[in-house]
Structures are given as structure tokens and as C-alpha cells.
Amino acid sequence: MSIEFRDPVIRTAPMPSDCNNNGDIFGGWVLSQMDMAGGIMAARRAKGRTVTVAVEAMTFHQPIKVGDVVSIYGEIERVGRTSVAVKLTTIVTRKLDPEEIKVTEGIYVFVAIDDNGKPRPVDQ
Ligand SMILES: CCCCCCCCCCCCCCCC(=O)SCCNC(=O)CCNC(=O)[C@H](O)C(C)(C)COP(=O)(O)OP(=O)(O)OC[C@H]1O[C@@H](n2cnc3c(N)ncnc32)[C@H](O)[C@@H]1OP(=O)(O)O
């Protein structure tokens, strides 16, 4: 299903306090939002706790600005023995403009962990 017809995992609006020294939204803010979106998807897929082990192929295509509505879409990219990779794409709309702009994408890898923080198998 294409992005336009799916629900985002997270939809939010950044605040002026989320800006960097250029006045755009700080990259760390969006990385964190993507981590949360991927963490929700991975925890659902792994049916329990997961931790982020790696971020692969992260690209910042366009800046995010105050006033943007930020939507993060996710899809499961692959499932390993203990890991779940989630492809995350961030789309914004700017103020009242309905145009959807892809601003970031990346693949976040999560590992399912047990109560001792050790990797545990994910149902295939
Ligand atoms: C129930 C529903 C609830 C729903 C509602 C929940 C809501 C919930 C929302 C939370 C949203 C916040 C999400 C933030 C999540 C953090 O902020 S987590 C904090 C940051 N991360 C950490 O602190 C993790 C620190 N690292 C570790 O503890 C250990 O390295 C780990 C991750 C447990 C792995 O341990 P290890 O012994 O090194 O594991 P190892 O067996 O070598 O590898 C395990 C798997 O990882 C893969 N892997 C290892 N390194 C890499 C790498 N560099 N690249 C790719 N893959 C790798 C391996 O290939 C292997 O995969 P499989 O082949 O088994 O599939």
C-alpha cells in the first residue's frame, strides 16, 4: 500500500525549542521520533521489549521547519532470528500547503530482548 493510504505510526508538530542553530529542526529530534516509531513497530512485531541496535541508510533529504506537520510511516523491512528491521519514512506538510514532502528515510534495526537484556528469538 502506498504511503498516502496508510496511517503514520507517529504524527507530531515540532516546536521552536526543537530547532538547531540554523533555525531548522534539529536532526537529532527527527532521529528520535523515527526511533520511537520504529520501536513501536518492532515491539509489536516481536511481541515484547526491543532495543535499537543500528541505524542503516539514513538520509536527510530536506529540512523540517517549525509549522510543519511531521508524519512518520513504517514498514517491516526484514525479520531475522532476533532482529527486526523497520524502514521509516518521514513526510511533512508545510503550514496550510497540502503537498507532502519526503524529508528523511532510514532503516532502523531493533533486537528483541528478554528480561536480562539478552537477545531472544522473534516468531517467524
Ligand atoms: C508488546 C507491544 C508493545 C507495543 C508498545 C511498545 C512501545 C515501545 C516504544 C519504545 C520506543 C522507543 C524506542 C527506543 C529504543 C532505545 O532507545 S534502545 C536504547 C539504545 N540501544 C541500546 O542501548 C542497545 C545496546 N545494545 C545491546 O544491548 C546489545 O548490543 C543487543 C542489542 C542486545 C545485542 O546483543 P548482542 O549480544 O550483540 O547480539 P547478537 O546476538 O550479536 O545480535 C543480535 C541481532 O542483532 C543483529 N545486529 C547486531 N549488531 C548489528 C548491527 N550493527 N547492525 C545490524 N544488525 C545488528 C544481529 O545480526 C542479530 O540479528 P539476528 O540475526 O539474530 O536477527
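All of these numbers come straight from a predicted model, not from anything done at the bench.

Quick notes on the rules
Residues numbered from 1 in each chain as written. Predicted model: local features only at pLDDT ≥ 70, side-chain atom pairs only at ≥ 80, totals over all residues. Heavy atoms only, no water. Pairing = 2+ DSSP bridges. Helix = DSSP H or I, 4+ residues; strand = E, 2+ residues; numbered from the N terminus. Axes fitted to C-alpha atoms, helices over the stretch in contact; angles between N-to-C directions. Contact = heavy atoms within 4.5 Å. Buried < 20%, exposed > 50% of the residue type's maximum accessible area, 1.4 Å probe, protein only. pLDDT = per-residue confidence, 0-100. Salt bridge = Lys/Arg side-chain N within 4 Å of Asp/Glu carboxyl O. Near = heavy atom within 4 Å. Polar contact = N/O pair within 3.5 Å; in protein donor to acceptor, adjacent residues only side chain to side chain. Areas by Shrake-Rupley, 256 points an atom, 1.4 Å probe, with all protein chains shown as cover.

### Some words on the sheet that holds strand 5 (residues 101-112)
At step 1: On the basis of which strands lie adjacent, the open sheet formed by five strands has the order 1-3-4-5-2 and antiparallel pairing. With partners counted over all chains shown, the strands left at the sheet margins are strand 1 (10-12) and strand 2 (50-60), one partner each. Here the average twist between neighbouring strands, direction ignored, is 20°.
At step 2: Here strand 3 (residues 68-79) pairs with strand 4 (residues 83-94) via eleven bridges, running antiparallel. From the neighbouring strand, valine 79 faces strand 4, where its bridge partner is valine 84.
At step 3: The sheet strands contacting helix 1 (residues 27-46) are strand 1, strand 2, strand 3, strand 4 and strand 5, and the helix crosses strand 5 at an angle near 50°.

### As for unusual backbone geometry
At step 1: Phi at alanine 57 takes a positive value of approximately 50°, unusual for a residue other than glycine.
At step 2: Mapped onto the secondary structure, alanine 57 falls in strand 2.
At step 3: A relative accessible area of 58% means that alanine 57 is categorised as exposed.
At step 4: A positive phi angle, near 50°, is found at lysine 95, a position not held by glycine.
At step 5: As for its position among the elements, lysine 95 is in the loop between strand 4 and strand 5.

### Regarding the confidence of the model for the protein
At step 1: The predicted model of the protein averages 95 in pLDDT, with 96% of residues at 70 or higher.
At step 2: Reported for the predicted complex are a pTM of 0.95 and an ipTM of 0.97.

### Regarding the pairing of strand 4
At step 1: Most of strand 4 sits out of view: ten of its twelve residues are buried.
At step 2: If you look at the hairpin formed by strand 3 and strand 4, you'll find three residues sitting between the two strands.
At step 3: Note that strand 4 and strand 5 share ten bridges and pair antiparallel. Note that in strand 5 the partner of valine 84 across the bridge is phenylalanine 110.
At step 4: With antiparallel pairing between neighbouring strands as the criterion, strand 4 and strand 5 make up a hairpin whose turn holds six residues, including lysine 95 at a positive phi of roughly 50°.

### Here we look at the pattern of salt bridges
At step 1: Evaluated as defined, the whole model comprises six salt bridges.
At step 2: A salt bridge links lysine 65 to aspartate 24, with the shortest nitrogen-to-oxygen separation between them at 3.4 Å. Here aspartate 24 lies in the loop between strand 1 and helix 1 and lysine 65 lies in the loop between strand 2 and strand 3, a separation of 41 residues in the sequence.
At step 3: When its relative accessible area of 34% is taken as the criterion, lysine 65 is described as partly exposed.
At step 4: One network of salt bridges, in which partners are shared, links Lys87, Lys102 and Glu105.

### Here we look at the site of the ligand
At step 1: Around the ligand, a shell composed of 20 residues is seen, among which Thr52, Gly80, Arg81, Thr82 and Ser83 lie nearest.
At step 2: Between the ligand and the protein, one listed contact pairs a nitrogen atom with a backbone N or O atom of threonine 52 at 2.9 Å.
At step 3: Between the ligand and threonine 82, the relevant distance is 2.6 Å, taken from an oxygen atom to a side-chain nitrogen or oxygen of the residue.
At step 4: For the ligand, the accessible surface in isolation is 1400 Å², of which the surrounding protein chains cover 47%.

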